[in-house]
Structure formats: C-alpha cells, structure tokens
Amino acid sequence: MNRIHALLDKQRNFFAAGATKPLNYRTEQLRRLKAMIREHEEAIMEALRLDLGKSDFEAFATEIGILLEEINHVLKHLKRWSKPRRVKTPLTHIGSQSRIYAEPYGIALLISPWNYPFQLAISPLIGAMSAGNCAVLKPSELAPHTSALLAEKFDTIFFTGSVGVGRIVMEAAAKHLTPVTLELGGKSPCIVHADANIKHAAKRIVWGKTLNAGQTCIAPDYLYVHESVKDELLKRMKETVDAFYGDPLADGSPYPNIINDRHYNRLKNLMEAGQLVYGGRTDERSLKIEPAFIGDVGWEDPVMQEEIFGPLLPVLTYRNLEDVIREVNARPKPLALYAFSESEEIQQRIIHSISFGGGCINDTILHIATPYLPFGGVGNSGMGGYHGKASFDVFTHRKSVLKQTSRFDLPFRYPNAKNALKRLRSVYK
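Residues numbered from 1 in each chain as written. Predicted model: local features only at pLDDT ≥ 70, side-chain atom pairs only at ≥ 80, totals over all residues. Heavy atoms only, no water.

**Student:** Please explain the overall build of the protein as it appears in this structure.
**Tutor:** Along the backbone of the protein there are 14 helices and 19 strands. Along the three orthogonal principal directions, the C-alpha set of the protein runs to about 80 × 55 × 40 Å. Looking at the protein as a whole, 50% of its 429 residues qualify as buried. A sequence separation of at least 24 residues applies to 69% of the contacts in the protein between residues at least 6 apart. Surface summary for the protein: the accessible area is close to 20,800 Å², and the carbon and sulfur share equals 53%. Counting 54 positive and 46 negative side-chain charges, the protein places the centres of these two groups 16 Å from one another. (Helix = DSSP H or I, 4+ residues; strand = E, 2+ residues; numbered from the N terminus. Buried < 20%, exposed > 50% of the residue type's maximum accessible area, 1.4 Å probe, protein only. Contact = heavy atoms within 4.5 Å. Areas by Shrake-Rupley, 256 points an atom, 1.4 Å probe, with all protein chains shown as cover. Lys, Arg positive; Asp, Glu negative; His and termini not counted. Charge placed at Lys NZ, Arg CZ, Asp CG, Glu CD.)

Structure follows, in structure tokens:
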C-alpha cells in the first residue's frame, strides 16, 4: 500500500504542476506511445501468442493495428477537440458569452481485462492521455491488490470486465463520488432473417464468434435464425470453420486457445446442455475448444443464462420476428447486437425495437474498430462510451463558463426593478 500511496502522490504532484495540460505535451506523449507500440510490435505479438495462442495476423488486427489507428485519429483531431467551444446565449443573457472548456479530471484509474490484454489496456489510456490526465494502469482481472487500489481516491475510473466486478468497482467509486465508465458484457444476440445473404452471414458470424476463440465481450453470444434458412446457414458456417482453421485443434492451426484451466472447464460444462450440431471437440493439453454450434437449447439452460465468453454458439430458431424482439427485450440489455437482413424495414425495426450498446447490420464486431463510432454499453452492459472523440470526452470534464459584460447592466433581473415581473414575463413567453 505504501508503494501505491507513493505512486499516487507522485501522479498528483505532476498533474497539479500542470505539466499534462498543454496540447504539445499531450501530442508528444501520444506520438511516443505510438513509437513504443511500433518498436515492440514483435514482442507484443509473441506475448499474445503465449497467453492466448493468437496468430500474428489476429494479434495485429485486434490488438495493435486498432491502437495505431486510434492514435492517428486522435492526433489528427485533438487540437480542435481541445479548443474552448463557444455556444449560443439566450436573449435573457444579452451582453454575455458562453463557452465550454475541456478540462482533465486528474488521475484516472484504468482497469483492463485479460481477453484483449494489450488493446483494452492501451485504448482507454489513449483517451486519458489525450484529455490531459495522469493514469494508473491495472491490467488483467480483479485481484486482492486491485481491491486495495480501489480504496484509494481517484478522479475517474475506467473499468472493462464482467458485470459482477463492475458492481464492485462502482460501489467502491461511490464512496468518493468518483465518476465511472463501465465497459461490461452480456449476451449479445445475432439475428439472421429469412432474406439475409446467407453466404456472407455465415462467414461474418463465424469470424466474429471465433475471433480470440470467442473470448470477446461483443462476440455473438447466441444465434436466432429464421427456420427457413437455418439448415443452409449452419451448413455454410461449418464449411467456413473448416476453411478458416482446418483442424482447429491441430498445432499448426491459427485458432486461439482458452485463457486457463478454469475457463476451459467452465466452457466444457456449458456444452452439456442441448445437442451438438457441429464441433465441440476439446484438447486439455492445448486448452483449445473447437467451435461448437449447439441446438435444442432453452432459456433455462446454463449456456443461455450467462455470457459464454468462448467458442460455443447456441442456435435458436424463429418464425415471427416479433417473438425474437420480445425474448431479447425480456432480458438484460446486451452490449452488442447483430442483424442480418436485406430489408431496410427489418433492419430499422430491430434497431428501434431493441435497446443495446452498439452493433452491426450484416456484419459482426467491426463497429468496435472505427474511431468515429463511440463504443459502450447500456444498462447491465455498461455505461459511458469511448473510442475517437468519445474517448477524449469520457476523460474530460466539460466546464461551462458564462462571461458577462461590464459595459451595462439589465435592471429587470433584480427584484427592486420597476415592473420587474412584467418584464420577465415579456421575455419568457
């Protein structure tokens, strides 16, 4: 604890000196961060291979390239984002000007998970740095040391992880009235309607589900497919797994492994419900679980009760889209939703009828990879959003300032003015 106190004292003194606020300092730090990522690219990919069995391609695409793009985007726009923004002033405030100033909170605590251990640690750091904050980074899952860390007072907390741990973080933050951003999870549905392009849907669903062996907070968690296209979709999905990975359990396959024994055994137990339609082979030595499509499941089964966070995909069918909308809305709001349909009317009905954090139409996952779309949850799946300008905003206090003129004074604002009430009523019509 003494080490934590010393670290925070050092950060607070540095922030109080105003060193992080100048735009030149922030942009220089972001350029250094980018250079560091570039310089250590091979070492980062090797660490991801050892931890999660990620291929170099997947490691770069999901953990390195996305960060480089984020830094480039922030560097391009940061000067404009940082400028005081003048806003309109009503007639009742004649003679005054209104501006909003972007001000860093101070010391940000960033708690990141294990599934994308580099990207999900550095991405919020980019936002914290761009806004002019100091930051303390706590990688991986919550541990006893993290509990001690949460007892300290921070100026803002950014947490990525499970719903259960998110509640603990929020409870700890409430003791100090610390603002919190929570990026959590939940069961993200994937809906395939009768008119979908099945060829593209199969490839994009399999890609989104098997990325990082399904250990992705926005992976399609379960599949709702129209009964008229179920057989064709599953056939093409099976072919897609074979085309992507060959034998996923083979040593030479680019297919990733499960993070540890505990999660490996948890996922094996979840496969006991329903009926395996495809896959599901396991290898305890490599901690790999073949992508598994599971049919004949119900909402009461364990695999439908919790976020799967692995390569298991329960498959449900429907005839009427309204039944799907009702079932999804009866449960906690998901972090992501994916819908495949060629009909604009169907697409809009799903978007406007179901509350979810974000998602894609006719694709999966990709909404997280653009800095122009804020990423975040709603309800149980989280609060607040980040990426691009949203990252700058989430680590920024917007300080509102009204600057009044001293050249004249309006008498009707004061209670002793003649006909003050009448004049006020003439303004507020």
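**Student:** In this structure, what is going on with the packing of aromatic side chains? I would like to understand it.
**Tutor:** Two aromatic rings are characterised by how far apart their centres lie and by the angle between their planes. Going through the model one piece at a time under the given rule, you end up with twelve aromatic pairs. For the ring pair Tyr224 and Tyr318, a centre distance of 6.1 Å and an interplane angle of 80° mean the geometry is edge-to-face. Of this pair, Tyr224 sits in strand E8 (residues 222-226) while Tyr318 is found in strand E13 (residues 312-318), placing the two residues 94 residues apart along the sequence. Classification of Tyr224 as buried rests on a relative accessible area of 6%. Note that Arg331 overlies the ring of Trp299, its terminal NZ or CZ placed 3.7 Å from the centroid. (Phe/Tyr/Trp six-rings, centres within 6.5 Å; stacked < 30°, edge-to-face > 60°. Lys NZ or Arg CZ within 6 Å of the ring centre and 35° of its normal.)

**Student:** Looking at this structure, how should I read the side chain of Thr178?
**Tutor:** Looking at the element boundaries, Thr178 is found in the loop between helix H7 (163-174) and strand E6 (180-183). Judged by its relative accessible area of 9%, Thr178 is buried. Apart from residues lying up to four places away in sequence, Thr178 is in contact with Phe154, Asp155, Thr156, Ile157 and Ala173.

**Student:** Would you mind going over the pattern of salt bridges with me for this structure?
**Tutor:** This model, assessed by the stated rule, comprises 21 salt bridges. Between Lys399 and Glu103 there is a salt bridge, and its shortest N-O distance comes to 2.6 Å. Taken as a pair, Lys399 in strand E19 (residues 396-403) and Glu103 in strand E2 (residues 97-104) lie far apart in primary sequence, 296 residues in all. Owing to a relative accessible area of 24%, Glu103 belongs among the partly exposed residues under this scheme. For Arg285, the salt bridge goes to Asp283, with nearest N and O atoms at 3.5 Å. For Asp283, a relative accessible area of 17% translates into the label buried. Within the structure, one salt-bridge network assembled from shared partners comprises Asp247, Arg281 and Glu290. (Salt bridge = Lys/Arg side-chain N within 4 Å of Asp/Glu carboxyl O.)

**Student:** Help me understand the sheet that holds E13 in this model?
**Tutor:** Spatial strand order, E9-E12-E13-E8-E7-E14-E15: seven strands in an open sheet with mixed pairing. The open sheet has two edge strands, strand E9 (275-279) and strand E15 (358-361), and neither has a second partner. Neighbour-to-neighbour, the strand axes of this sheet turn through a mean angle of 20°, independent of strand direction. One ladder, built from four bridges, connects strand E7 (residues 189-192) with E8; its direction is parallel. (Pairing = 2+ DSSP bridges. Axes fitted to C-alpha atoms, helices over the stretch in contact; angles between N-to-C directions.)

**Student:** Before we go on, may I ask you to explain the sheet that holds strand E3 (residues 107-111) in this structure?
**Tutor:** Strand order in the open sheet made by the five strands is E4-E3-E5-E6-E17, with mixed pairing throughout. Bordering the open sheet on either side are strand E4 (134-138) and strand E17 (382-383), each of which pairs with just one other strand. Direction of pairing for E3 relative to strand E5 (residues 156-160): parallel, over a ladder of four bridges. The partner of Ala108 across the bridge, within E5, is Thr156.

**Student:** Help me understand the side chain of Arg26 in this model?
**Tutor:** In this fold, Arg26 is placed in helix H2 (residues 23-39). For the buried Arg26, no salt bridge exists, and the shortest N-O distance to an oppositely charged side chain is 10 Å, to Asp393. At 3.1 Å, the side chain of Arg26 forms a polar contact with the backbone oxygen of Lys21. Other than its neighbours up to four places away in sequence, Arg26 contacts Thr20, Lys21, Leu78, Ser82, Met129, Ser130, Ala131, Gly132 and Phe392. (Polar contact = N/O pair within 3.5 Å; in protein donor to acceptor, adjacent residues only side chain to side chain.)

**Student:** Sorry if this is basic, but what is going on with helix H9 (residues 230-245) here?
**Tutor:** Owing to its 3.6 residues per turn, the α-helix aligns residues three or four sequence positions apart on the same side. In this model, H9 (16 residues) spans 23 Å end to end at C-alpha, consistent with the 22 Å of a helix rising 1.5 Å per residue. When H9 is considered as a whole, its buried residues turn out to be Leu233, Leu234, Met237, Thr240, Val241 and Tyr245. Considered in projection along H9, the buried side chains sweep an arc of 120° and stay on one side of the axis. Seen from the open side of H9, the exposed residues pointing more than 90 degrees away from its buried face are Asp231 and Ala243. Tucked into the core, H9 has its buried residues touching E7, helix H8 (198-210), E8, E9, strand E12 (292-295) and E13. Phi for Gly246, located one or two positions after H9, is positive at around 60°. (Expected span 1.5 Å × (residues − 1). Arc of directions from axis to C-beta.)

**Student:** Could you clarify how one ought to interpret unusual backbone geometry in this entry?
**Tutor:** Glycine aside, negative phi is the norm for most residues, and most peptide bonds take the trans geometry. In this structure, Leu177 is a non-glycine residue whose phi angle is positive, near 55°. For Leu177, a relative accessible area of 78% gives the class exposed. Phi at Asp296 takes a positive value of approximately 55°, unusual for a residue other than glycine. Along the chain, Asp296 falls in the loop between E12 and E13. On the basis of relative accessible area, Asp296 is assigned to the exposed category, the value being 60%.

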